[in-house]
Amino acid sequence: MIPYRLGVQQRILPNYRAPFFEALGAACPRGLAVFAGLPRPDEAVESRAQLENARLYPAANAHLLRGGLYLCWQRGGRAWLRDWQPEVLIMEANPRYLSSPRLMDWMRARRRALVGWGLGAPTGSGALAAVQRVVWRRFLARFDALLVYSRQGAEQYARLGFDVARIFVAPNAVAARPTQPPPQRLPGFAADRATVLYVGRLQARKRIDLLLRACVALPDGLQPDLWIVGDGPARAELERLAAGVYPAARFFGARYGAELEAAFSQADLFVLPGTGGLAVQQAMSFALPVIVAEADGTQSNLVGDQNGWVLPPGDLSALTATLQQALAQPSRLRRMGLESYQIVREQVNLETMLASFARAIDCAARRAGVSAPAIPTPNGDA
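Please read all numbers here as calculations on a predicted model, not as lab measurements.

Draft legend 1. Broad picture of the nonpolar core. In this structure, L269, F270 and L323 are the most contacted members of the largest nonpolar core, which totals 55 residues. It is helix α6 (residues 208-216) that provides the largest number of residues to this core, a total of 6 residues. Leaving out residues up to four positions away in the same chain, F270 has contacts with L197, Y198, V199, F264, A279, V280, A283, L288, P289, V290 and I291. Listed in part, the 37 residues of the second largest apolar core include L13, L350, A360 and V370.

Right under this line is the structure:
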């Protein structure tokens, strides 16, 4: 249990993140509140409107500029803090959110704890790198503890001088530890044809176009059925491309619950050819081997030689060669899928993510001098 009144600030609250916040709220007997706004319309992110185990406060997001120059201002944050009165606040560790210092000042004035939650602190190279490092150091120094998705991100924070004892790796997860046995798959492919699955948003940075072209380049006997699950601004363009170059691709739109689980259970291989994508961990919980593009380091806790392949981003020849290698050995794919299942069952799941959050919250509270109130027992005793 987490014995503090907890607040979490997020830019947005996508549907895929709701299971974690439900689990976090269930672990907070003194309450959890989430402050989050809406995405830009072109982001194609479905947002959660309410939570069962936490109170959701709407933020008014002002999205400024785009791409590498993107900035965000969230209105209503201090009113939320005054109403909720969190003892510990978890915030996105991103200096691009211009309203964050106001929330940090409010918490600090009341001697309450701050936890940053982010991907890491990439500072790049060139003339602006030194300025970026200064901005990041000053920003991170205000936190009592940091949560990060990967070891790579933790190393970036440490290189900027943040105390490694106050950095906690919480592997990114959307699926709980599986309680069901792994799906039983045939030794070979059904009808001698593999099913390759992609699940995620349909937008340019996901590089689904690359996956279509890689399937085209495979030998005739290895070309798979390609299932593309998800929606987004690039869907119409991708459907046109698929009709012209790879008609074996099927677009299912967004799927949830039992329909999505059926897709994971029936597939033979999961492929994420572009950046991001929490569906990797979910795919692994269904005993699927995975091919992912190397991105922000969040895949490093999930994918290794035993259960998949990590490829250079945007490399068509590498993706084609890896698909050919994978689909030529169905028995090996089955073994790799079972390794995926074991990783999610034992290492990367909502439960281990929640445990890392609890450690970071405790560390931050102790450093800030926030005492843990007694939690009443069911019979009313403290």
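Draft legend 2. Inspection of the environment of G31 at higher detail. One can find G31 in the loop between α1 (18-26) and β2 (32-37). Residues G31 and G188 lie 157 residues apart in sequence; the distance between their C-alpha atoms is 50 Å. If we skip the residues at most four places from it in the chain, G31 touches Y4, R5, L6 and W84.

Draft legend 3. Focus on helix α12 (residues 350-368). Taking 1.5 Å per residue as the helical rise, α12 with its 19 residues ought to reach 27 Å, and the 27 Å between its terminal C-alpha atoms agrees with that figure. Inspection of α12 places L350, T352, M353, L354, S356, F357, A360, I361, C363, A364 and A365 among the buried residues, and these make up the whole buried set. Downstream of α12 by one or two residues, G369 has phi in the positive range, about 80 degrees.

Draft legend 4. Representation of the sheet that holds strand β10 (residues 195-199) in the model. Here 6 strands make up an open sheet; going across it, the order is β12-β11-β10-β13-β14-β15 and the pairing parallel. Every interior strand has two partners, whereas the edge strands, β12 (249-253) and β15 (308-311), have only one. Going from strand to strand, the sheet's axes swing by 20 degrees on average, the running direction of each strand aside. For strand β13 (residues 269-272) and strand β14 (residues 290-293), the ladder comprises 3 bridges, and the chain directions are parallel. Residue pairing across strands places L272 opposite V292, the latter belonging to β14.

Draft legend 5. Region of the structure containing helix α10 (residues 316-327). Compared with an ideal rise of 1.5 Å per residue, which puts 12 residues at 16 Å, α10 spans 16 Å between its outermost C-alpha atoms and is within 8% of the ideal. Considered for burial, the residues of α10 that qualify are A318, L319, T320, T322, L323, A326 and L327.

Draft legend 6. How the structure looks around the side chain of S356. Here S356 shows up in helix α12. Classification of S356 as buried rests on a relative accessible area of 3%. If we ignore the near neighbours within four places in the chain, the residues touching S356 are L147, F168, V169 and A170.

Draft legend 7. Focus on a positive patch on the surface. Together, R78, R82, R102 and R110 give the surface a local cluster of positive charge. Summarising the element assignment, R110 is placed in the loop between α3 (100-109) and β7 (113-118). Judged by relative accessible area, which is 39%, R110 ranks as partly exposed.

Draft legend 8. Looking closely at the packing of aromatic side chains. Per the stated rule, a full pass over the model turns up 13 aromatic pairs. An angle of 90 degrees between the planes, with centres 4.9 Å apart, marks the rings of W117 and F357 as edge-to-face. Of this pair, W117 sits in strand β7 while F357 sits in helix α12, and the two are 240 residues apart along the sequence. Judged on exposure class, the residue W117 and its partner F357 are both buried. Grouping aromatic residues by their ring pairs yields a cluster made of F20, F21, W117, Y149 and F357.

Draft legend 9. Quick peek at the packing of α10 against helix α11 (residues 330-346). In the contact formed by α10 and α11, the axes pass within 7 Å of each other and the chain directions differ by 95 degrees. Relative to α11, α10 is oriented roughly perpendicular. Between α10, through Q325, A326 and L327, and α11, the contact on the second element is made entirely by P330, R332 and L333. Here the contact of α10 with α11 is built from residues that sort into 4 nonpolar, 1 polar and 1 charged.

Draft legend 10. Quick peek at the pairing of β12. Residues A249, F251 and G253 point to one face of β12 and are all buried, whereas R250 and F252, pointing to the other face, are not buried. Relative to β12, strand β11 (residues 225-229) is paired through 4 bridges, and the arrangement is parallel. Bridge pairing in β12 links V229 to G253. Crossover β11 to β12 through helix α7 (residues 235-245) is right-handed.

Draft legend 11. Representation of the pattern of salt bridges. Applying the stated criterion to the full structure yields 15 salt bridges. With its nearest N and O atoms 3.9 Å apart, the salt bridge here joins D83 to R55. Here R55 lies in strand β3 (residues 55-58) and D83 lies in helix α2 (residues 77-84), a separation of 28 residues in the sequence. A relative accessible area of 47% places D83 in the partly exposed class. Judged by relative accessible area, which is 45%, R55 ranks as partly exposed. Among the salt bridges present, the one from D144 reaches R367, with a minimum N-O distance of 3.2 Å. You can see D144 sitting in the loop between α4 (129-140) and β8 (145-148) and its partner R367 sitting in helix α12, a full 223 residues away along the chain. D144 sits in the buried class, given a relative accessible area of 2%.

Reading the values: the criteria
Residues numbered from 1 in each chain as written. Predicted model: local features only at pLDDT ≥ 70, side-chain atom pairs only at ≥ 80, totals over all residues. Heavy atoms only, no water. Core = buried A, V, L, I, M, F, W, Y, C linked by side-chain atoms within 4.5 Å. Buried < 20%, exposed > 50% of the residue type's maximum accessible area, 1.4 Å probe, protein only. Helix = DSSP H or I, 4+ residues; strand = E, 2+ residues; numbered from the N terminus. Contact = heavy atoms within 4.5 Å. Expected span 1.5 Å × (residues − 1). Pairing = 2+ DSSP bridges. Axes fitted to C-alpha atoms, helices over the stretch in contact; angles between N-to-C directions. Patch = residues over 30% accessible without salt bridge, like charges linked within 9 Å, V, L, I, M, F, W, Y side chains within 5 Å. Areas by Shrake-Rupley, 256 points an atom, 1.4 Å probe, with all protein chains shown as cover. Salt bridge = Lys/Arg side-chain N within 4 Å of Asp/Glu carboxyl O. Lys, Arg positive; Asp, Glu negative; His and termini not counted. Charge placed at Lys NZ, Arg CZ, Asp CG, Glu CD. Phe/Tyr/Trp six-rings, centres within 6.5 Å; stacked < 30°, edge-to-face > 60°. Parallel < 35°, antiparallel > 145°, perpendicular 65-115°, else oblique. Nonpolar A, V, L, I, M, F, W, Y, C, P; charged D, E, K, R; others polar. Right-handed = clockwise from strand over helix to strand, strands pointing away.

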